[in-house]
Amino acid sequence: MAMPVCVARLCRLAGPTVTSLSGRHRRVVSLPARRCYVSTSTGNNLQFRLDERTAHSSLDLFKKDTGVIYRILGLDPSHVENNPERFRDWAVVFGDGKINSGRHYWEVTVKKSQEFRLGVAETLMSREDCVGTNSSSWVFGYAQRKWFVMTNNKIVPVTLVGKPDRVGILLDYEAGLLGLVDIEKPRIIHTIRAQFKVPLCPAFGLWDGELLTHSGLEEPEGLK
């Protein structure tokens, strides 16, 4: 059963720009209607890179923008380009692939990280929020040596799962399915069900260590 949780507990601030969430008036960031993406996908085998324009100042992209590393000091927020697509308060970065339909699969290698989130979000999600805390994002998270599902600021524990070095993410847009995949079996460990109505993109939160993305992959046989 999903449990409501406090944003301050499950979505740590990543930068110095916000000091308190209690009593804070949230506002929705108005993003431009026209945005540029490296890829737009309506079929399968989505290929994407991480979009530097969205990356929080504590996140450093590498390996031709397919990997991200968390740096505890990060950059001075005033030294990164000021644009409405960037996450200023949360250690989040989006992929540049825009998903309108289809069934897609990608994998993520986790290195030296004990706290991260993997999933999808609406491309125009408010940058005032962290992934998993609103109704515009759906993620699988790992923290305190435990997996969980998080969306709309509610969590559901994912049990009987260790911490693999590499996991898969399966998205079926029309079926409203997002799956966490054990690539060794392969099998779907846990699924999130939702109604996707607007364009989505891969979404990542990272509070230590590194994540390396692998896109353009064929879906493993036998996944349902």
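Residues numbered from 1 in each chain as written. Predicted model: local features only at pLDDT ≥ 70, side-chain atom pairs only at ≥ 80, totals over all residues. Heavy atoms only, no water.

- The protein chain goes by SPRY domain-containing protein 4 in an unreviewed UniProt entry, where it is assigned to Collichthys lucidus.

## So, the sheet that holds strand β4 (residues 67-70)
Okay, step 1: Judged by pairing direction, the sheet is antiparallel, and its seven strands sit side by side in the order β3-β4-β16-β7-β12-β13-β14 without closing on themselves. A strand with exactly one partner marks an edge of an open sheet, and here the two such strands are β3 (59-62) and β14 (187-193). Neighbour to neighbour, the strand axes of the sheet diverge by 25° on average, direction disregarded.
Okay, step 2: Of the strand pairs in this sheet, β4 and strand β16 (residues 210-214) are connected by three bridges, and their pairing is antiparallel. Each bridged residue has a counterpart across the sheet, and for Ile69 the counterpart in β16 is Glu210. (Pairing = 2+ DSSP bridges. Helix = DSSP H or I, 4+ residues; strand = E, 2+ residues; numbered from the N terminus. Axes fitted to C-alpha atoms, helices over the stretch in contact; angles between N-to-C directions.)

## Brief notes about the packing of aromatic side chains
Okay, step 1: Taken as a whole, this structure holds eight aromatic pairs when the rule is applied.
Okay, step 2: When the centroid spacing of 5.7 Å and the interplanar angle of 85° are considered together, the rings of Phe48 and Trp106 count as edge-to-face. Remark: Trp106 occurs in strand β7 (residues 103-111) and Phe48 occurs in the loop between β2 (39-41) and β3; sequence separation between them is 58 residues. Of the two residues, Phe48 and Trp106, neither departs from the other in class, the shared state being buried.
Okay, step 3: Counting every residue linked through ring pairs, the aromatic cluster contains Phe48, Trp106 and Phe204. (Phe/Tyr/Trp six-rings, centres within 6.5 Å; stacked < 30°, edge-to-face > 60°. Buried < 20%, exposed > 50% of the residue type's maximum accessible area, 1.4 Å probe, protein only.)

## Some points on the pattern of salt bridges
Side chains bearing opposite charge may pair, as long as their charged atoms lie close to each other.
Okay, step 1: Overall, the coordinates contain eight salt bridges when judged by the stated rule.
Okay, step 2: A salt bridge links Glu52 to Arg86; the shortest N-O distance between them is 3.4 Å. Highlighted residues: Glu52 in the loop between β2 and β3 and Arg86 in the loop between β4 and β5 (92-94), separated in sequence by 34 residues.
Okay, step 3: Look at Glu52 and you get partly exposed, because its relative accessible area is 39%.
Okay, step 4: For Asp172, the salt bridge is made with Arg103, and the minimal N-O distance between the two is 2.9 Å. (Salt bridge = Lys/Arg side-chain N within 4 Å of Asp/Glu carboxyl O.)

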